[in-house]
Amino acid sequence: MSTPQRQRIQQLAPVIGLLLVMFFLRTHNILVQNPYVDEGFHIKRAGVVWTFDQNPGRISHGKLLLYYWLGLFETGPETALAASRLGMAIYALITGSTIYLLGRLLYKHTAGVIALGLYAVLPLALFYERMAMADPLVAGLAAIIAWRSLVFVKRPDTRHGVELGVLLAMATLGKLTMGLMPLLPGLAALIYTPWHRADLGQQITGFVKRYAPPLIVAALVVGLIWAPLAIPAYLARNSDNPFLLVDSFNVRSSADEPVSPVEYFEETLPLIEQVTTRALLVALAVAACYQIAVAFWNRRLFRSGLFMVSWFLLIFALTLVGARLSTLRYIMPLGVPAVIMFGGTVASLSTLGPRPLRWVIRVALAVGIVAWLVTFAAPFARADLTNPDDLDFSGTNWTEYQSGYLIADDAVRDAAAALNAIEPHPKPFYATWWLCHLMYFYADDAATCLDYSQPLKDLEPALQSLPPGNSAYVAMAGYQPFLNRVDGLCSEQIGQYDRVRIRNPLWDVSLWRVWWGDNC
């Protein structure tokens, strides 16, 4: 074996080791986290999207690509959660590999290893890459776009324009918060072009001739891929069955109370601290400032920092100005550029000054990183892999992932078990909107989901076809009682299951048998 080959193996060994650790952390005890409501309807859509029975844009909700990825692992409801989560863990290896690659390309091998190591244990990434969510998918796609943008800067030809167009279309189909990522290749070209004051006009002309044609090709490819969804959606916009390309519930509208980007950030910051710590956030901010500040004596580091900050802001900008919900999952893709920038700064600082100073800096950095790992990252990982209810969450994080409002807790499982025990199996079976997507994982027969805001709008017409003497079953939670509003509909409660963390009877899960009768 030659010396270069031996050195290559020595470099790749820690990378492979970290990827294995990363995969273990994202797959061990994969079902310990209670299903989140979004996982329910993501996985349900994934089960039908590959049939092509209808234009997939009708059910995209701004996350179409996720359904096609999860659909590759589609099984039945009884195993769908584990299969889908394991599918996301597999995808996380693509993200991790690209993180190392970008760290090495932008900085050096050491930076890539540090970035990958931090990402492997970063609670922000760990928590979501153990779930079937869209955010980890687009986080990895954004990383691949960043890598190929760097390649494009060196070789701006038609082939790389087509490649970027496909990747950018995939990212925006993965989640519409990636809507500004198409700007990254052009920004990369601006950042890495060696500008100088002389003949600036000629440089601009040369820049446009060099980069404009392949960027136009990329834009055309994005348009072509989006056209089968966007054109029918536009034509059906005023019909009775419009396309759901965007989930309007999550998008800020003119009717909402105005919220500035600063206010949104201040509201979201405490949620971010719960999965990073304030110390790490300060370290990341210092890393960004350090790289931007070295423009006069280290142009390579400055350009890398400017590129990473641009990537970070392109992801964050739409969330800051357009998101209605202040939620941690929108922040998850920011972890990728953050760890790469941190790895580059640590690698740079460890080579500053004479040898004695270098060792002092290295020891100080190592102590700080190990202290964060021991006091925060390791306890978080232990709780996440054994009992996520023990995670120190508060605010929206607690509401979404621990309270019971949006997760399948014991009450949901007990209700599903009670339904499964009924012989013959209860049909037809209806469930209120939130509950419907959670019971999917545990009920033997899929429920028909009722309208989110007006359950009776769907239930009453459906029950009109129920023959006299036959019964239907309804599961509900989170709504005022509504069965008694239907004239002639008799109802009998057959079970109630308390949600102990919420302590609000309205959110307890109740099961009802309903039938038509004269005297109810």
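Residues numbered from 1 in each chain as written. Predicted model: local features only at pLDDT ≥ 70, side-chain atom pairs only at ≥ 80, totals over all residues. Heavy atoms only, no water.

**Student:** Can you lay out the nonpolar core for me, pointing to particular residues and giving the numbers?
**Tutor:** A general tendency of soluble globular proteins is for nonpolar side chains to be buried together. Core analysis: the biggest nonpolar cluster contains 154 residues, and Met-181, Phe-307, Trp-311, Ile-340, Met-439, Leu-459 and Leu-483 have the highest contact counts within it. No other element matches helix α7 (residues 134–154), which puts 13 residues into this core. Residues in contact with Met-439, not counting those within four places in the same chain, are Val-412, Ala-415, Ala-416, Leu-419, Phe-429 and Ala-475. (Core = buried A, V, L, I, M, F, W, Y, C linked by side-chain atoms within 4.5 Å. Buried < 20%, exposed > 50% of the residue type's maximum accessible area, 1.4 Å probe, protein only. Helix = DSSP H or I, 4+ residues; strand = E, 2+ residues; numbered from the N terminus. Contact = heavy atoms within 4.5 Å.)

**Student:** How would you explain a nonpolar patch on the surface if you had to name every residue and give the values?
**Tutor:** Among the surface-exposed residues, Leu-190, Trp-195, Leu-200, Ile-204 and Val-208 lie close enough to one another that they form a single nonpolar patch of about 420 Å² accessible area. Of all the elements, helix α10 (residues 200–235) adds the most residues to the nonpolar patch, at 3 residues. On the secondary structure map, Ile-204 appears in helix α10. Ile-204 gets classed as partly exposed once you look at its relative accessible area, which sits at 42%. (Patch = residues over 30% accessible without salt bridge, like charges linked within 9 Å, V, L, I, M, F, W, Y side chains within 5 Å. Areas by Shrake-Rupley, 256 points an atom, 1.4 Å probe, with all protein chains shown as cover. Salt bridge = Lys/Arg side-chain N within 4 Å of Asp/Glu carboxyl O.)

**Student:** A description of the pattern of salt bridges should follow, citing residues and the corresponding values.
**Tutor:** The full count for this structure, using the stated rule, is 13 salt bridges. Arg-278 is the partner of Glu-273 in a salt bridge, and the nearest nitrogen-oxygen pair spans 3.0 Å. Between Asp-451 and Lys-457 there is a salt bridge, with its nearest N and O atoms 3.6 Å apart.

**Student:** Hey, could you go over the environment of Val-412 for me, with residue numbers and the actual values?
**Tutor:** For Val-412, the location among the structural elements is in helix α17 (residues 410–421). Taking C-alpha positions, Val-412 is 7.3 Å from Leu-438, a pair spaced 26 residues apart along the chain. In contact with Val-412, not counting residues within four places along its chain, are Ile-407, Leu-435, Leu-438, Met-439, Tyr-442, Arg-499 and Val-509.

**Student:** Account for helix α13 (residues 299–322), naming residues and giving values.
**Tutor:** Its 24 residues give α13 an end-to-end C-alpha distance of 34 Å, which sits within 8% of 34 Å, the value for a rise of 1.5 Å per residue. The complete set of buried residues in α13 reads Leu-301, Ser-304, Gly-305, Phe-307, Met-308, Ser-310, Trp-311, Leu-314, Ile-315, Phe-316, Thr-319 and Leu-320. Taken together, the buried residues of α13 touch α4 (77–106), α7, α9 (184–192), α11 (261–273), α12 (278–293) and α14 (335–349). (Expected span 1.5 Å × (residues − 1).)

**Student:** Which residues make up the pairing of strand β3 (residues 472–476), and what values go with them?
**Tutor:** For β3, a buried count of 5 out of 5 residues is recorded, marking the element as mostly surrounded by other parts of the structure. The alternating pattern of β3 places Ala-472, Val-474 and Met-476 on one face and Tyr-473 and Ala-475 on the opposite face, and all of these are buried. One ladder, built from 3 bridges, connects strand β1 (residues 429–431) with β3; its direction is parallel. Among the inter-strand pairings, Tyr-430 is bridged to a residue of β3, identified as Val-474. When β3 meets strand β5 (residues 509–516), the two strands line up antiparallel, connected through 5 bridges. The residue bridging Ala-475 from the neighbouring strand is Leu-511, located in β5. (Pairing = 2+ DSSP bridges.)

**Student:** Which residues make up unusual backbone geometry, and what are the values?
**Tutor:** In this structure, Pro-424 follows Glu-423 across a cis peptide bond, with omega equal to -5°. Here Pro-424 lies in the loop between α17 and β1. That bond from Lys-427 to Pro-428 is cis: its omega, -5°, falls within 30 degrees of zero. Relative to the helices and strands, Pro-428 is located in the loop between α17 and β1. Positive phi, close to 85°, is recorded for Thr-277, a residue that is not glycine. Along the chain, Thr-277 falls in the loop between α11 and α12. Residue Thr-277 is classed as buried on the basis of its relative accessible area of 16%.

**Student:** How would you summarise a positive patch on the surface if you had to cite specific residues and measurements?
**Tutor:** On the surface, Lys-108, Arg-355, Arg-358 and Arg-362 cluster together to form a positively charged patch. Relative to the helices and strands, Arg-358 resides in helix α15 (residues 355–386). According to the relative accessible area criterion, Arg-358 is partly exposed, its value standing at 32%. (Lys, Arg positive; Asp, Glu negative; His and termini not counted. Charge placed at Lys NZ, Arg CZ, Asp CG, Glu CD.)

**Student:** Account for the sheet that holds β5, with residues named and values stated.
**Tutor:** Strands sit in the order β2-β1-β3-β5-β4 across an open sheet of 5 strands; the sheet is mixed. Looking at the sheet topology across the chains shown, the edges are occupied by β2 (448–449) and β4 (489–497). Its contacts with the sheet place α17 against β1, β4 and β5, and it is angled at close to 35° to β5. Against the sheet, helix α19 (residues 455–463) engages β1, β2, β3, β4 and β5, with an angle of about 170° to β1. (Axes fitted to C-alpha atoms, helices over the stretch in contact; angles between N-to-C directions.)

**Student:** A description of the pairing of β5 should follow, citing residues and the corresponding values.
**Tutor:** In this sheet, β5 lies alongside β4 in antiparallel orientation, the contact comprising 8 bridges. Following the sheet pairing, Tyr-497 is matched in β5 by Val-509.

**Student:** Could you give an account of the state of the cysteines, with specific residues and numbers?
**Tutor:** All told, the structure shown has 1 disulfide when counted by the stated rule. Here Cys-436 is linked by a disulfide to Cys-449, with a sulfur-sulfur distance of 2.0 Å. When the S-S torsion is -75°, as for the bridge of Cys-436 with Cys-449, the disulfide is left-handed. Residue Cys-436 is located in helix α18 (residues 433–439), and its partner Cys-449 is located in strand β2; the two are separated by 13 residues in the primary sequence. (Disulfide = S-S within 2.5 Å.)

**Student:** Lay out α12 with the relevant residues and their values.
**Tutor:** With 16 residues, α12 should cover 22 Å at 1.5 Å per step; its first-to-last C-alpha distance of 22 Å lies within 8% of that length. For α12, the full list of buried residues reads Leu-280, Leu-284, Ala-287, Ala-288, Tyr-290 and Gln-291. Relative to the axis of α12, the buried residues are bounded by an arc of 165° and lie together on one face. Structural note: α12 exposes Arg-278, Ala-279, Val-286 and Cys-289 on the side pointing more than 90 degrees away from its buried face. Looking at the buried side of α12, the elements it contacts are α13, α14 and α15. (Arc of directions from axis to C-beta.)

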